[in-house]
Amino acid sequence: MNNARQHPEPTDVTTAPTPAARRARPRRGGFTLLECALAMVILGVGVLAVIEAQSAFFRANEFSSLAAQGGYLAGEVRERMRGLTKHDPVTGLFLQSGAAVGWGPETGETMEADFDDIDDYNGAIFGGSATGARPGPIDARGQIILQVDFDGNIEMNGAAQVALRNWIQTVEVVKVEPTNSATTRAPNYERLTANSDGPAVRVDQLSMRVTVIVTYQGMDDATPREMARLSWLVP
Ligand SMILES: [Ca+2]
Ligand SMILES: [Ca+2]
């Protein structure tokens, strides 16, 4: 009987490694191309996230600064107009052939320094180069606010001081019903007898609403951005 055929000799395991042995084989040094690519993708995503976060921070920071500056510029105009009478202290507001005389600056009131009543400011624009715009922006004393550089020095254009760039203050004045400020009236409106709209009021007896709008237009802005709007009622 041939024992060799019934019990074959075992194969030499040292020449044919098992899968487990292959997995346990020590790795060579260095990284594969796939590992490098993955690392670069992960790093890239991280860098992009940091850049985006930083950009969002700058945008929020810029908006906060501009909103604060806008609020300041609106407050300066309000302070400037504080204490003025509704209509001219000398000539007032009256009707002539149905038209309101005295609404807006009176004859000879050409400069902002000449304005002596609230309606003089209607439509006034301080800053910018639009038609009819006045020098500005202005502060509560009526002085032009100047452009200051990073060192705190006033910017000069030759011998002239440069006004604060990019900012414009616009003033709107409108007559409103004394009992309902949501109802606006034309400058020449008056009601000689009481009716369902309210009591009798002469042309100069209605309330007024003043609104200061402050806009900013930086180099990257295609159009001006409204940064502040301040309204108040003058009874
Ligand atoms: Ca006046
Ligand atoms: Ca006036």
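Residues numbered from 1 in each chain as written. Chains lettered and ligands numbered in written order. Predicted model: local features only at pLDDT ≥ 70, side-chain atom pairs only at ≥ 80, totals over all residues.

## A look at the overall build of the chain
Broken down by element type, the chain carries three helices and nine strands. Moving toward the C terminus, one meets the helices and strands of the chain in the order α-α-α-β-β-β-β-β-β-β-β-β. Across the chain, the fraction of contacts at a sequence separation of at least 24, relative to all contacts at a separation of at least 6, is 55%. (Helix = DSSP H or I, 4+ residues; strand = E, 2+ residues; numbered from the N terminus. Contact = placed C-beta atoms within 7 Å.)

## Details of helix α3 (residues 33-81)
Between its first and last C-alpha, α3 extends 72 Å over 49 residues, near the 72 Å set by a 1.5 Å rise per residue. Within the sequence span of α3, burial applies to Gly70, Leu73, Ala74, Glu76, Val77, Arg80 and Met81. Remark: Gly83 follows α3 within two positions and exhibits a positive phi of approximately 90°. (Expected span 1.5 Å × (residues − 1). Buried ≥ 20, exposed ≤ 12 C-beta atoms within 10 Å, placed from the backbone.)

## With respect to the pairing of strand β8 (residues 207-216)
Note: strand β6 (residues 167-177) against β8, 10 bridges, orientation antiparallel. Bridge assignment links Ile168 to a residue of β8, and that residue is Thr215. The pairing of β8 with strand β9 (residues 225-234) spans nine bridges and is classified as antiparallel. Residue Val212 lies in a different strand from β9, and its bridge partner there is Leu230. (Pairing = 2+ DSSP bridges.)

## A word on the environment of Thr91
By secondary structure assignment, the location of Thr91 is in the loop between α3 and β1 (94-96). For the pair Thr91 and Val101, spaced 10 residues apart in sequence, the C-alpha to C-alpha distance is 8.8 Å. Excluding residues within four positions of it along the chain, Thr91 makes contact with Gly102 and Glu106.

## A word on the nonpolar core
Residues Ala74, Tyr121, Val171, Val210, Val212 and Val214 are the most contacted members of the largest nonpolar core, which totals 20 residues. Counting only elements with at least two residues in this core, the list comes to α3, β6, β8 and β9. The element contributing the most residues to this core is β8, with five residues. Once residues within four sequence positions are removed from consideration, Val212 is found in contact with Ala74, Val77, Arg78, Gln169, Val171 and Leu230. (Core = buried A, V, L, I, M, F, W, Y, C linked by C-beta atoms within 7 Å.)

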